[in-house]
Amino acid sequence: MTKVLLTFVQISDTHITVGDKTEFRPHHYSERLTAYMANLAKKGINVGHIHDIPASVANRALVQEINALPFPIDFVLHTGDTMTDPDTVEEYEAVTEIFRDLNVPIYYMAGNHDNVPALRSLMPTVTTTGDTFDYVISQNGARVICMDSASNGVDHAGGLSDAQIEWLRDLLAVDKAMPTVIAIHHPPISLGNDMLDFFGFAKAETLRDTIRQSGANVSVVLSGHIHQAVDTIQDGLLYTCVQSPFGQMPIFPALSPSTHPYRGNPGFNIVIVTEEQTYIRRYAYTNPVVEASKN
């Protein structure tokens, strides 16, 4: 039987707020971005976080689903947008209040709606690099390289500094045969859709080239950001995005923006790293409000 090195759950885009407030905070958005979003709204395209339930309810249901898995996991990895536009460290107490009920440790990553300095307060013992929230989880002969695409992004898009690229290149040059997963909030690929790519990723090609040229045993790049379960194969590598437990985006890769009121199920990824390969098991569950309405 294949030896399993690491089993963890990937979640993303939980968008917790204090008091379950849903509005964006204007001072987090440039004039350019505000105008772009207003123009989309005139066309009937909603770029907000479409949801049917409060974020606190959605994320408590998420915790229950993870805790109920019929096999042990090593940890949960949150790939960003833990909150929506927080300004203070104290606001992250709302995150701790929900995720303290998990039966396993949780690691947080930076998303474009997070306050990165405040987010660090949730993981005081994790060693990160410089001013960016980059770190590595090494366990049982496998590793997950977690990169901060938010700190050097512009207008809520993703980006990496030259120093971050060099950090990744140096990491991948060591223990090239080690099974490796890379996690980053913004998917570093084009999604073939103007709106999704507007909030995309600067230096995406540089990142992909760095991975490809390293010769390291990288099996998958995990992302969130787009509130959709989307898999893309590029340069022979799997790039996978996980849906949100809070609200799904009604826009599809390589297709025109849609005004269809799409409601996908909430869910998460189960990532199983073995000596030979990595498995991604999609896990969806019923919206807790829909479930309650049947009783």
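From a predicted model like this one, the values you see are computed outputs, not experimental measurements. (Residues numbered from 1 in each chain as written. Predicted model: local features only at pLDDT ≥ 70, side-chain atom pairs only at ≥ 80, totals over all residues. Heavy atoms only, no water.)

1. Section: helix H7 (residues 204–214)
What H7 keeps buried is the set Ala204, Leu207, Arg208, Thr210, Ile211 and Ser214. The arc that holds the buried residues of H7, viewed along the axis, is 155°, so those residues lie on one side. Of the exposed residues in H7, those oriented more than 90 degrees away from the buried face are Glu205 and Gln213. Looking at the packing, one finds that the buried side of H7 touches strand S5 (142–147), helix H5 (162–172), strand S6 (180–184), strand S7 (218–223), strand S8 (230–234) and strand S9 (237–241). (Buried < 20%, exposed > 50% of the residue type's maximum accessible area, 1.4 Å probe, protein only. Helix = DSSP H or I, 4+ residues; strand = E, 2+ residues; numbered from the N terminus. Arc of directions from axis to C-beta. Contact = heavy atoms within 4.5 Å.)

2. Quick look at the pairing of S8
By the bridge criterion, five bridges tie S8 to S9 in an arrangement that is antiparallel. Following the sheet pairing, Ile233 is matched in S9 by Leu238. Here S8 folds back onto S9 in antiparallel fashion, the turn holding two residues, of which Asp235 has a positive phi close to 55°. (Pairing = 2+ DSSP bridges.)

3. A few points about the side chain of Asn59
Along the chain, Asn59 turns up in helix H2 (residues 55–67). Judged by its relative accessible area of 0%, Asn59 is buried. Not counting the four nearest positions on each side in its chain, Asn59 is found in contact with Thr14, Ile16, Ile98, Phe99 and Pro245.

4. Some words on the pattern of salt bridges
If the charged atoms of two oppositely charged side chains come close together, the side chains can form a pair. Using the criterion set out here, one finds seven salt bridges in the structure. Close ionic contact of Arg100 with Glu97 constitutes a salt bridge, the shortest N to O distance being 2.5 Å. Overall, Glu97 belongs to the partly exposed group, its relative accessible area being 39%. A salt bridge links Asp231 to Arg282; its shortest N-O distance comes to 2.6 Å. One end of the pair, Asp231, is in strand S8; the other, Arg282, is in strand S11 (residues 278–284), with 51 residues separating them in the sequence. Via salt bridges that share partners, Arg208, Asp209, Arg212 and Asp235 belong to a single interconnected network. (Salt bridge = Lys/Arg side-chain N within 4 Å of Asp/Glu carboxyl O.)

5. Observations regarding the sheet that holds strand S3 (residues 106–108)
Through backbone hydrogen bonds, the strands of a sheet pair up, either in parallel or in antiparallel fashion. Read across the sheet, five strands follow the order S3-S2-S1-S10-S11 without closing on themselves; strand pairing throughout is mixed. The sheet is open, and its two edges are formed by S3 and S11, each paired on a single side. Strand-to-strand twist across the sheet, computed as the mean angle between neighbouring axes with direction ignored, equals 25°. Here strand S10 (residues 267–274) runs beside S11; their pairing, made up of seven bridges, is antiparallel. Bridge pairing in S11 places Ile270 opposite Arg281. (Axes fitted to C-alpha atoms, helices over the stretch in contact; angles between N-to-C directions.)

6. Points about the side chain of Thr132
Checked against the element boundaries, Thr132 lands in the loop between helix H4 (116–119) and strand S4 (135–139). Within polar-contact distance, the side chain of Thr132 engages the side chain of Asp134 at 2.6 Å. (Polar contact = N/O pair within 3.5 Å; in protein donor to acceptor, adjacent residues only side chain to side chain.)

7. As for the environment of Val63
Along the polypeptide, Val63 turns up in helix H2. A C-alpha to C-alpha distance of 7.9 Å links Val63 and Ile98, two positions 35 residues apart in sequence. Apart from the residues within four sequence positions on either side, Val63 is in contact with Ile98, Phe99, Asp101 and Leu102.

8. A word on the packing of aromatic side chains
Here a ring pair, both rings aromatic, is described through the centre-centre distance and the interplanar angle of the planes. For the coordinates displayed, the defined rule picks out seven aromatic pairs. Ring centres of Phe268 and Tyr283 lie 4.6 Å apart, and the angle between their planes is 15°; this geometry places the pair in the stacked category. Of the two residues, Phe268 sits in strand S10 while Tyr283 sits in strand S11, which places them 15 residues apart along the sequence. When the centroid spacing of 6.2 Å and the interplanar angle of 45° are considered together, the rings of Phe268 and Tyr285 count as tilted. A residue pair is termed long-range when its members are at least 10 positions apart, and Phe268 in strand S10 and Tyr285 in the loop between S11 and helix H8 (288–293) qualify at 17 residues. Here Phe268 falls in the buried class, since its relative accessible area comes to 0%. Three or more aromatic residues link up through ring pairs in this structure, and these residues are Phe8, Phe75, Tyr107, Phe133 and Tyr135. (Phe/Tyr/Trp six-rings, centres within 6.5 Å; stacked < 30°, edge-to-face > 60°.)

9. Examining the nonpolar core
Core analysis: the biggest nonpolar cluster contains 46 residues, and Phe8, Leu77, Phe99 and Val144 have the highest contact counts within it. Per-element tally for this core: the top contributor is strand S1 (residues 4–11), with five residues. Not counting residues up to four positions away in its chain, the partners in contact with Val144 are Leu6, Phe8, Phe75, Leu77, Tyr135, Val136, Ile137, Val181 and Ala183. (Core = buried A, V, L, I, M, F, W, Y, C linked by side-chain atoms within 4.5 Å.)

10. Re the environment of Leu237
Among the secondary structure elements, Leu237 is positioned in strand S9. Separated by 18 residues in sequence, Leu237 and Ser219 place their C-alpha atoms 6.7 Å apart. Residues contacting Leu237, with those up to four places away along its chain left out, are Ile211, Val218, Ser219, Val220, Val221 and Thr232.

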